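# Structural characterization, general
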Amino acid sequence: MKRENFKVSDGRNLEYLCNGPLKNSAVILHAGTTQDVVGWQTWLDYFAANDVFALSFGRSGYAASTPMPGRITIDVAKDVAELSSALGITKFVNIGLSGGGQHAIATGLDHRSAGVVTVGSLAPFAELGQDFYTGMQQADLDEYADALKDINLLVARFQKWQDGDLGETITGAELSVRDKLASLKPTWKLLLDSSAFTMKQGWDWVADDYSSYLKPWGFDPRDVTVPTVIWQGGLDKNVPVQHGKWLAQHMPNSKLELREEESHLGIFVNYEEEIMQSAIALLTSCSMGRKKPGARANAI
């Protein structure tokens, strides 16, 4: 698979990776924080084996994708809308891992959306208040504190990751039994290797991503009425369980798939086939998601 480039209307470059010949329906993959487009390789291969066109893309600031200072969540959905139009995609399901989750949710406002799937997605910072942090491991608490104080502090923190064990930094020093199982699978290593690659390319993604995490999203997730499957680990210390529960409680056509025994990366790897199948089920459904009476109209 070859990295490709698309120029959005404001002149920025958007990097993406496809799993085969173009089709008019697609699964679009939104990476977690630090994850490069190639970190989805096993998923892209799985979708190809199931005759589903899929692509992963780099948000602004990642690798060859041009930075977009001050980016908010809805901006990524607009980029996806432009890319989809250029590729002739008329129906899609977006999957978002971790920090990619809220961006996938934003694409649910697009008239082409047949649904959304999230895995360990953040809920809106402004709405959760201090509960945003409850249950987070110290490393993540420190990251958000840095981002709110001075983004350069956060960049310096990520730069230190390059000198240590990246997997331990992300997951914590003590792996659960389920984490150990996940760590033996190809997707685990691919994700960590792709994160290391991202950090070698530069640091523009740090400001862009954390701007979108901590600022208002630019839309109300309550207005996303397409079917949404929310996968959440009960032992998640990166994005604790209340985030997934908040999304499930406030999005009108959502289903919470809570796995109490799984961590942030554990659910992503150990349930990867089930997660991908939930996206395929949405993509191959006979009709698009429909807005419920009283929902405010939105378009991208």
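These notes cover the structure that comes with them. The structure displayed is predicted, hence computed values, not measured ones. Starting afresh in each chain, residues are numbered from 1 along the sequence in its written order. For a predicted model such as this one, the threshold for reporting local features is a pLDDT of at least 70, and the threshold for listing and counting side-chain atom pairs is 80 or more; totals across whole chains, interfaces and linings nevertheless cover every residue. Side-chain measures were taken over the full set of non-hydrogen atoms in the model, leaving aside hydrogen atoms and water.

### Concerning the overall build of the protein
Helix and strand assignments follow DSSP, with helices taken as H or I runs no shorter than four residues and strands as E runs no shorter than two, numbered in order from the N terminus. When you go through the protein residue by residue, the secondary structure sums to 13 helices and eight strands. With C-alpha atoms as the basis for the radius of gyration, the globule rule is written as 2.2 Å multiplied by the number of residues raised to the power 0.38. The C-alpha atoms of the protein give a radius of gyration of 17 Å, which matches the 19 Å a tight globule of 300 residues would have. Referenced to the eigenvectors of the C-alpha coordinate spread, the extents of the protein come out at roughly 45 × 40 × 35 Å. Each residue is placed in one exposure class: buried if its accessible area under a 1.4 Å probe, protein chains only, is under 20% of its type's maximum, exposed if it is over 50%, and partly exposed if it falls in between. In the protein, which comprises 300 residues, the proportion classed as buried is 57%. We call two residues contacting when some pair of their heavy atoms lies within 4.5 Å. Within the protein, contacts between residues at least 6 apart in sequence are counted, and of these 76% link residues at least 24 apart.

### Topic: empty space enclosed by the protein
Cavities and pockets are defined on a 1 Å grid built over the protein atoms alone: a cavity is a set of grid points where a 1.4 Å probe fits but cannot escape, while a pocket is an open set with protein on both sides within 12 Å along at least five of seven lines, and lining residues are those with an atom within 4 Å of any such point. Grid points are joined across faces, edges and corners, and a volume is the space filled by probe spheres set on the points. Scanning all chains against the criterion turns up one cavity of 30 Å³ or more. Taken as a whole, the largest cavity spans an internal volume of roughly 310 Å³. Lining the largest cavity are 24 residues, and of these Thr33, Ser98, Asp140, Asn238 and His264 lie nearest its centre. For the lining of the largest cavity, the elements supplying multiple residues, two or more each, are α5 (138-149), α6 (151-161), α7 (166-171), α9 (186-201), α10 (204-214) and α12 (264-270). A total of three residues in the lining of the largest cavity trace back to one element, the largest contributor, which is α5. Residue polarity is assigned by list, with Asp, Glu, Lys and Arg as charged and Ala, Val, Leu, Ile, Met, Phe, Trp, Tyr, Cys and Pro as nonpolar; anything else, Gly included, falls into the polar class. Taken together, the residues of the lining of the largest cavity break down into 11 nonpolar, 11 polar and two charged.

### Remarks on the pairing of strand β8 (residues 254-259)
DSSP calls a pair of strands paired once it identifies at least 2 bridges connecting them. By the bridge criterion, six bridges tie strand β7 (residues 228-233) to β8 in an arrangement that is parallel. Each residue of the ladder has a partner; that of Val229, found in β8, is Lys255. Assessed by its sense of winding, the connection that carries the chain from β7 through helix α11 (residues 241-250) to β8 is right-handed. Seen with its strands pointing away from the viewer, a crossover is right-handed if its path from the first strand over the helix to the second goes clockwise.

### Regarding the pattern of salt bridges
Think of a salt bridge as a Lys or Arg side-chain nitrogen and an Asp or Glu carboxyl oxygen that are within 4 Å of each other. This structure, assessed with the given rule, holds 16 salt bridges. Arg222 is the partner of Glu127 in a salt bridge, and the nearest nitrogen-oxygen pair spans 2.8 Å. You can see Glu127 sitting in helix α4 (residues 125-128) and its partner Arg222 sitting in the loop between α10 and β7, a full 95 residues away along the chain. The class for Glu127 is partly exposed, based on a relative accessible area of 39%. Taking relative accessible area as the criterion, Arg222 reaches 29% and is therefore assigned partly exposed. One network of salt bridges, with partners in common, ties together Arg3, Glu15 and Asp36.

### Observations concerning the sheet that holds strand β2 (residues 13-18)
On the basis of which strands lie adjacent, the open sheet formed by eight strands has the order β1-β2-β4-β3-β5-β6-β7-β8 and mixed pairing. Every interior strand has two partners, whereas the edge strands, β1 (3-7) and β8, have only one. Here the average twist between neighbouring strands, direction ignored, is 20 degrees. In terms of strand pairing, strand β6 (residues 113-119) meets β7 through four bridges, oriented parallel. Bridge pairing in β7 places Val119 opposite Trp231. Angles run from 0 to 180 degrees between N-to-C directions of axes, and those axes are lines fitted to C-alpha atoms, restricted for helices to the stretch in contact.

That's the geometry; what it means functionally is another story.
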